[in-house]
Amino acid sequence: MATNLEFINQTKATLVTTLDVTGVFTAKYDAYQVHISTDMDGAGYFEIRLLQADDSLANESKYDMASLDLKSDASFQEYRFVNQNGGVGWRGIGGYLDDGDGYGFTLNVFNPFADDTYTIGQAQNGSISNGNLFGTKAIAVYKSTQSIGGMRVTNSSGQTHNYINVTTYGVK
């Protein structure tokens, strides 16, 4: 993968439960890197729900995701979610938020706008859970060839994010 990042967009919000980042995936790039940071008082799994090129939710039950939780105080755990619907999307791709003060993760997205191949995601993060280090590595696929233009960033518990910042880069 190339290593030159070209800034596309930064989307910020405060006191929201979801944030739609629209129009960031186009035919200009095949690969994207997205940096997400947030602060949330509650706990829950991070979720990415894809938005079609017309900004509507990609709602088919074609979201698959596998993650490896890397905990400093316990054995590693694998999770797999198959054929999740758009109301769940890639649940857990950014790991688990546990009073996520300054929490963040990096998401790489491949071929989202292409209409002849699936959209692939790969993510990693580091955080604190119950005072212990907690990292996550994850891979995901959206098994549809529809053009994806953006994403909805949210969490599984419906908690309000005190702030959320999403910065998107195209990879040259």
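The structure reproduced in this document is the subject of the present report.

What counts and what doesn't
Residues numbered from 1 in each chain as written. Predicted model: local features only at pLDDT ≥ 70, side-chain atom pairs only at ≥ 80, totals over all residues. Heavy atoms only, no water. Helix = DSSP H or I, 4+ residues; strand = E, 2+ residues; numbered from the N terminus. Rg over C-alpha atoms; globule rule 2.2 N^0.38 Å. Buried < 20%, exposed > 50% of the residue type's maximum accessible area, 1.4 Å probe, protein only. Contact = heavy atoms within 4.5 Å. Core = buried A, V, L, I, M, F, W, Y, C linked by side-chain atoms within 4.5 Å. Pairing = 2+ DSSP bridges. Axes fitted to C-alpha atoms, helices over the stretch in contact; angles between N-to-C directions.

## Brief notes about the overall build of the protein
Now for step 1: On a plain count of helices and strands, the protein comes out with zero helices and 12 strands.
Now for step 2: Going from N to C terminus, the protein has its helices and strands arranged as β-β-β-β-β-β-β-β-β-β-β-β.
Now for step 3: Here the protein has a C-alpha radius of gyration of 15 Å; the compact-globule value for 172 residues is 16 Å, and the two agree.
Now for step 4: C-alpha extents for the protein along the principal axes are approximately 45 × 30 × 30 Å.
Now for step 5: The burial tally for the protein puts 44% of its 172 residues in the buried class.
Now for step 6: Sequence separation of at least 24 residues holds for 75% of the intrachain contacts in the protein that already meet a minimum separation of 6.

## Observations concerning the nonpolar core
Now for step 1: Residues Ile36, Ile48, Trp90, Ile93, Leu107, Met151 and Val166 are the most contacted members of the largest nonpolar core, which totals 32 residues.
Now for step 2: Those residues in contact with Ile93, other than ones at most four positions away along the chain, are Phe46, Ile48, Met65, Leu107, Ala123, Ala138 and Ala140.

## What to know about the sheet that holds strand S5 (residues 63-71)
Now for step 1: Here eight strands make up an open sheet; going across it, the order is S1-S12-S3-S8-S9-S10-S5-S6 and the pairing antiparallel. Looking at which strands have only one partner, the edges of the open sheet turn out to be strand S1 (5-16) and strand S6 (77-84). Sheet twist, expressed as the average angle between the axes of neighbouring strands with direction ignored, equals 15°.
Now for step 2: Across six bridges, strand S8 (residues 103-110) lies against strand S9 (residues 119-129) in antiparallel orientation. Within S9, the position partnered with Thr106 by the bridge is Gln124.

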